[in-house]
Amino acid sequence: MTVQERPGAAYRPTPPPAWKPRTDPAPLLPDPEPYRVLGTDAAAGADPELLLRLYAELVRGRRYNAQATALTKQGRLAVYPSSTGQEACEVAAALALEERDWLFPSYRDTLAAVARGLDPVQALTLLRGDWHTGYDPNEHRVAPLSTPLATQLPHAVGLAHAARLKGDDVVALAMVGDGGTSEGDFHEALNFAAVWRAPVVFLVQNNGFAISVPLSKQTAAPSLAHKAVGYGMPGRLVDGNDAAAVHEVLGEAVARARRGGGPTLVEAITYRIDAHTNADDATRYRGESEVEAWREHDPIRLLEAELTSRGLLDEDGVRSAAEAAEAMAARLRERMNADPVLNPMDLFEHVYAEQTGQLREQAAQLRAEIDAEGGEGAHGAEGDAR
Amino acid sequence: MSTATARQAKPATMAQALQRAMRDAMSEDPTVHVMGEDVGTLGGVFRVTDGLAKEFGEDRCTDTPLAEAGILGTAVGMAMYGLRPVVEMQFDAFAYPAFEQLISHVSRMRNRTRGAMPLPITVRVPYGGGIGGVEHHSDSSEAYYMATPGLHVVTPATVEDAYGLLREAIASDDPVVFLEPKRLYWSKADWSPDAPAAVEPIGRAVVRRQGRSATLITYGPSVPVCMEAAEAAEAEGWDLEVVDLRSLVPFDDETVCASVRRTGRAVVVHESTGFGGPGGEIAARVTERCFHHLEAPVLRVAGFDIPYPPPMLERHHLPGVDRVLDAVARLQWEAES
């Protein structure tokens, strides 16, 4: 006799097994207001030496952006995605890391890479067009600048995971823009990082636009930092133009990752003052008044005001920072004005560890073509590609 | 093979040989890590990774979240830090979300960093039809991989090669897409893992059967089909040679063309689609190199140019022995023209 056939014994459904959330979401949620230091009481606690270092890097970064943009007009760079207005994020990213840590930049993050010690010319190789990556990523632990959006984020997770498996206390910092947070790889990277408790920090530079598409058309989330709670990691909101605040928040996230606390998602609210690249016309999608409002909230001005009011910076200090930046720009300009020496035979190098028969045949073909042209390659004399 | 190793040989399936290859590689090299969906506790849906998590721990054989781009993308970072990830894409068509990682990063990291950052990643992809799988479980995606410079594309057809080629793939400093013909997973051979005679560098084809009157050029799941066709063709007076490519990239022009020059006739056989498929490339290469030796055009026997059919119809799609024999008959070019 089954339960249902038993006279008078109605089936009583049992309650489902107890369910409760695996993690209390409250500590993971970002504060409603972006964290600020400059111009607040918190600024008193900021380390003067750090602030001065941030300032020098900001000024240099701004000048680098201007110089690189000028180089596009001279045809020396194929394209340059400026980070003017976002220098605080770039600089803080580099300075929040130890030498042994790794940086995974997007294509807009040249400044962060240079601030980590990369040769400024080698950092521009991709954008000049003489090779895809102009530097050895292992030297300063800077992954290749990633052109596809968010695809470098899972690399950061894998590297951090591998480092931890090997017992190294290495942290990976992965940078992405607001548009990149819509990509599937963003989701997969954050999910893997949280499940593996990988020592990774994700820094979203929310500069308002993915080329022309504003954040309101990019996401319906309360903030990008709110996405963290869905993965089980803390989300942090920070004023991305406040170098001291970005450095502090990133520093805490890096320290947390290093001590085994797992990943953090940081959203830095900033603004791209220039167009997406020199090829973009930003007047088609945003008004000058909006740009002006953000110019008022400029990362260099914010820091300068703080340093001046505390007597850490005077006119001489401002001038010498500007002069150092100018000297950097002059050197960059000079070096970028020299034609890179390219060896067309490099095309067949490093496709595989060992050249395949097919590539050997094609290399021979190109060799013969070059010889027929009188031994000249496509770009001047042959020789060491460096 | 020595008498001693021959005595040790006993029946083994391709799945077991693959598993042994991973186990041996993991034992010899602590940087080898196996990862993917279900590869740990379950041992893989085909049990190819059975026992590895138990033997080497979950850090070395890891059940990942269900996300192919994430699996391959994190493997990139792991390889950047000196590990040798062996990732499993559970079924052919499940690998497509990982394509961007494969094409935009895995295949070109060595090149874009001028050799500073090689990625020794093995991507295991069970592929092809013939097991009655429903939609998205039977694709032959090799043409996509072949079209991507920087990847090796390898596919075994025998138990010996399953072991030997997978060892080679894991040891390779370049990324290898390792295509496992899933309908051969349960094919058996008398095999001893101690007989390394079958291990050859990636990129060599092998003549599986010698013959004089035509060459069947094939790989992976179509190799047994061609061997059977060659036996059957004997009755018709055809003495067929069968070349098993083993590696689609690099392509062994030498072995293939030497065979075609001997026989003067060739048929390329694979179950992937014909249009835009591997057979077109192979036929073109053979024609360019052996034109004066050819007695007939190089023919292709391939799957139809349709999305992989539902399981109850797949036998009509897959190139079988009869379709191969029909093509061989068409090699009587002079008689037709």
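Residues numbered from 1 in each chain as written. Chains lettered and ligands numbered in written order. Predicted model: local features only at pLDDT ≥ 70, side-chain atom pairs only at ≥ 80, totals over all residues. Heavy atoms only, no water.

Okay, the environment of V121 of chain A next. Mapped onto the elements, V121 of chain A comes out in helix α4 (residues 120–123). Expressed as a C-alpha distance, the spacing of V121 of chain A and Y135 of chain A, which sit 14 residues apart in the sequence, is 9.5 Å. (Helix = DSSP H or I, 4+ residues; strand = E, 2+ residues; numbered from the N terminus.)

In this section: the domain arrangement of chain B. Residues and elements named next belong to chain B. Looking at chain B, the domain boundaries give domain 1 (11–191) and domain 2 (206–330). The C-alpha centroid of domain 2 is placed 26 Å from the C-alpha centroid of domain 1. On the side of domain 2, 22 residues touch domain 1, which itself brings 27 residues to the contact. Together, the buried faces of domain 1 and domain 2 total about 2000 Å²; carbon and sulfur atoms form 59% of this surface. The largest share of the area that domain 1 buries against domain 2 comes from M146, T155 and R183, three residues that together contribute 26% of it. Summed over the shared surface of domain 1 and domain 2, the result is three salt bridges. The salt bridge partner of R208 is D161, with a shortest N-O separation of 2.7 Å. Run the count over domain 1 and domain 2 and you get 11 residue pairs in polar contact (both at pLDDT 80 or more). Elements that contribute at least two residues to the side of domain 1 that touches domain 2 include exactly α7 (142–146), β6 (152–154) and α8 (159–171). Broken down by class, the residue content of the side of domain 1 that touches domain 2 amounts to 13 nonpolar, 10 polar and four charged. (Domains from an automatic or database assignment. Contact = heavy atoms within 4.5 Å. Buried area = accessible area lost by both parts, 1.4 Å probe. Salt bridge = Lys/Arg side-chain N within 4 Å of Asp/Glu carboxyl O. Polar contact = N/O pair within 3.5 Å; in protein donor to acceptor, adjacent residues only side chain to side chain. Nonpolar A, V, L, I, M, F, W, Y, C, P; charged D, E, K, R; others polar.)

Before going further, it helps to examine the UniProt feature "domain: Dehydrogenase E1 component" (unreviewed entry) in chain A. Under the UniProt annotation, "domain: Dehydrogenase E1 component" (unreviewed entry) lies at residues 66–328 of chain A. In residues 66–328 of chain A, helix accounts for 44% and strand for 12%; the two terminal C-alpha atoms are 12 Å from one another. (UniProt positions renumbered as here; feature names shortened; annotations may be inferred.)

Between chain B and chain A, the residue contacts involve 45 residues of the former and 46 residues of the latter. Note on chain B versus chain A: buried area summed over both sides is about 3600 Å², and carbon and sulfur give 61% of it. When the area that chain B buries against chain A is broken down by residue, the three leading residues are Y81, R112 and R114 of chain B, summing to 24%. Inspection of the chain B/chain A interface yields two salt bridges. When the shortest N-O distance is used, the salt bridge between E361 of chain A and R289 of chain B registers 3.0 Å. Connecting chain B to chain A are 22 residue pairs in polar contact (both at pLDDT 80 or more). Among the secondary structure elements, those contributing two or more residues to the side of chain B that touches chain A are β2 (32–36), α4 (68–80), α5 (99–106), α6 (109–112) and α11 (278–290) of chain B. Class assignment of the residues belonging to the side of chain B that touches chain A gives a composition of 18 nonpolar, 16 polar and 11 charged.

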